[in-house]
Amino acid sequence: MARDLLPACPTPALATLLARGKTTVAPRPYSAFARALPHEFWAACHLGLVPEPVTELSHSPAIATALMATHNLPQQEGTWFVVQPANFEVGMSHVSLTAIDEQLALTEEESRALFEAAKPYVEENGKALLYGNASTWFLRADDWSDFVTSTPNTALGRNIDIWLPEGVHNRDWRRLHNEVQMLWHTHAVNDARSARNAKAANALWLWGQSPANTTLPTNTYDAVFNLSGWMAGVTNKTYQATSANALLTHDHGRILVLLDQLIAPTLSEEWGRWLYEMETLETQWFAPLLAALTSGKLHSVRLILTGTESIAEYTASKSSLRKFWVKPGLSRLSA
C-alpha cells in the first residue's frame, strides 16, 4: 500500500527527520515466519531481556520470570511460560487469533473465574498455574522447555497453525488446551459476554518461556514512555505521554518512546484511519521533535522503523538538519 499511502501523508516534519537523518542501521529483512515481530526483537534486546544484540530469536522473548517478578510472584524452580486468555475465531479455512490483552478486555472478576475453572485441569496434568492479572497468567511446565513459541502479536489476525507451540510434548499442550476450551465453552463468563456481544475467552496463548531465577541485565534508558503489553510489564516504570511536548518539559536524559498507533489500522486494513493516525503522530510528535532539534533543546532523535518483516534506524540531529540540499521525503518508510 506504500505507493498509494505515502503521497497522501500530511507529515512534513517526519519527512524532514527521515530524509536528513543519518542511517544508523540499514533496512534489513526479517523472516516472515519469525516468532516475534521486529519491534519485539528490538525491545527484547534493548530492554535487557537478551544479553547480546540479536537480529532474530528462534522463539518468543524469554520474559515469563521477568513478568512474574513485576507481579510480585515468588521465583520458583522450573520452566515458566506466560499463558493468556484469548479469542480464537473459526473461519472457512482456518482458525485465527482475533483478541488478546486489551482486545479481549477481560475484567478481573471474569479472569479470576476462568482461572479458577482451568486450574484443576492444569494441575491434574502435572503443571502449575499462577495468576498475574486479568490478561496474564503463568504456567510451569519443566518438560516443555524445548518448546518453540510465538508472541501473540505475531499471530494476531493470522492463521494460528504455524504460530502454535512446537516441541516434543506439543501434543500434551494441545490436549490440555482442548480440555480448557471445552470447559470454558459453556462457562457463565462466556455466556454473559455473549449476551453483550463481547468476544468469548475461548482459548489460551502459551509463550515467553524462561527458567526461574534468570538474571537479566537492565535497560539503559533513563525513562520509557507509552510501552504496552509485555514490554510495559517487564520495565520498572513506564510513563504515559500524549505528545512530545510532555517529554520536552522534563529532563529525563535518554528516553525511549513507543508509538504503535499504526498497528491496529494496519491489521484491519483501515487505510483512512491509518492516514488519520499518521497526521496525529505528525502533530503531536514529529513536529515538536523537529522544532526541539532545530532549537537545540534535543541533542538527537533516533527513529526505529519497523514493519511485520523489516526494521531500519535513522538518527537526526541539529547538524544533520542543515543539509538543506536534501529534499524532505518519506521514501525510507517503504524501504
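Look a little higher up for the structure.
Residues numbered from 1 in each chain as written. Predicted model: local features only at pLDDT ≥ 70, side-chain atom pairs only at ≥ 80, totals over all residues. Heavy atoms only, no water.

## Structural notes on the packing of aromatic side chains
Here is the rule: Pairing of aromatic side chains requires ring centres within 6.5 Å, counting the rings of Phe and Tyr and the six-membered ring of Trp. Pairs whose planes differ by under 30 degrees are stacked, by over 60 edge-to-face, and all others tilted. In DSSP terms, a helix is any run of H or I states spanning at least four residues, a strand is any run of E spanning at least two, and both are numbered starting from the N terminus. Note on classification: 1.4 Å probe, protein chains only; a residue is buried when its accessible area is under 20% of the maximum for its type, exposed when over 50%, partly exposed between these limits.
Summed over the entire model, instances satisfying the criterion amount to 12 aromatic pairs. Centre to centre, the rings of Phe115 and Tyr131 are 5.4 Å apart; their planes meet at 80°, and the pair counts as edge-to-face. Taken together, the residues span a long stretch of sequence, with Phe115 in helix α5 (residues 108–124) and Tyr131 in strand β4 (residues 128–133) at a distance of 16 residues. Of the two residues examined, Phe115 and Tyr131, each falls in the buried class.

## Let's talk about the pattern of salt bridges
Condition: We define a salt bridge as a contact between a side-chain nitrogen of Lys or Arg and a carboxyl oxygen of Asp or Glu at a distance within 4 Å.
Applying the stated criterion to the full structure yields 10 salt bridges. Across the salt bridge formed by Glu110 and Arg193, the nearest N and O atoms sit 3.0 Å from each other. In this pair, Glu110 sits in helix α5 while Arg193 sits in helix α8 (residues 188–195), placing the two residues 83 residues apart along the sequence. Given the relative accessible area of 10%, Glu110 is considered buried. Across the pair Arg302 and Glu313 runs a salt bridge whose closest N-O atoms are separated by 2.5 Å. In this pair, Arg302 is assigned in strand β10 (residues 300–306) and Glu313 in strand β11 (residues 310–317), connecting sequence segments 11 residues apart. In this structure Glu313 comes out as buried when scored by relative accessible area, which is 3%.

## Let's talk about the sheet that holds β10
Selection rule: A pair of strands counts as paired when DSSP detects no fewer than two bridges linking them. Inter-axis angles, ranging from 0 to 180 degrees, are taken between N-to-C directions of lines fitted to C-alpha atoms, where helices are fitted over the stretch in contact.
Spatially, the 3 strands line up as an open sheet ordered β1-β11-β10, and their pairing is antiparallel. Of all strands in the sheet, those with a lone pairing partner are β1 (22–29) and β10, marking the two edges. Strand-to-strand twist across the sheet, computed as the mean angle between neighbouring axes with direction ignored, equals 10°. Where β1 and β11 come together, 5 bridges link them in antiparallel fashion.

## Section: the environment of Gln76
Positionally, Gln76 belongs in the loop between α4 (64–70) and β2 (79–90). On the accessibility criterion, Gln76 (29% relative accessible area) is partly exposed. Placed 55 residues apart in sequence, Gln76 and Tyr131 show a C-alpha to C-alpha distance of 14 Å.

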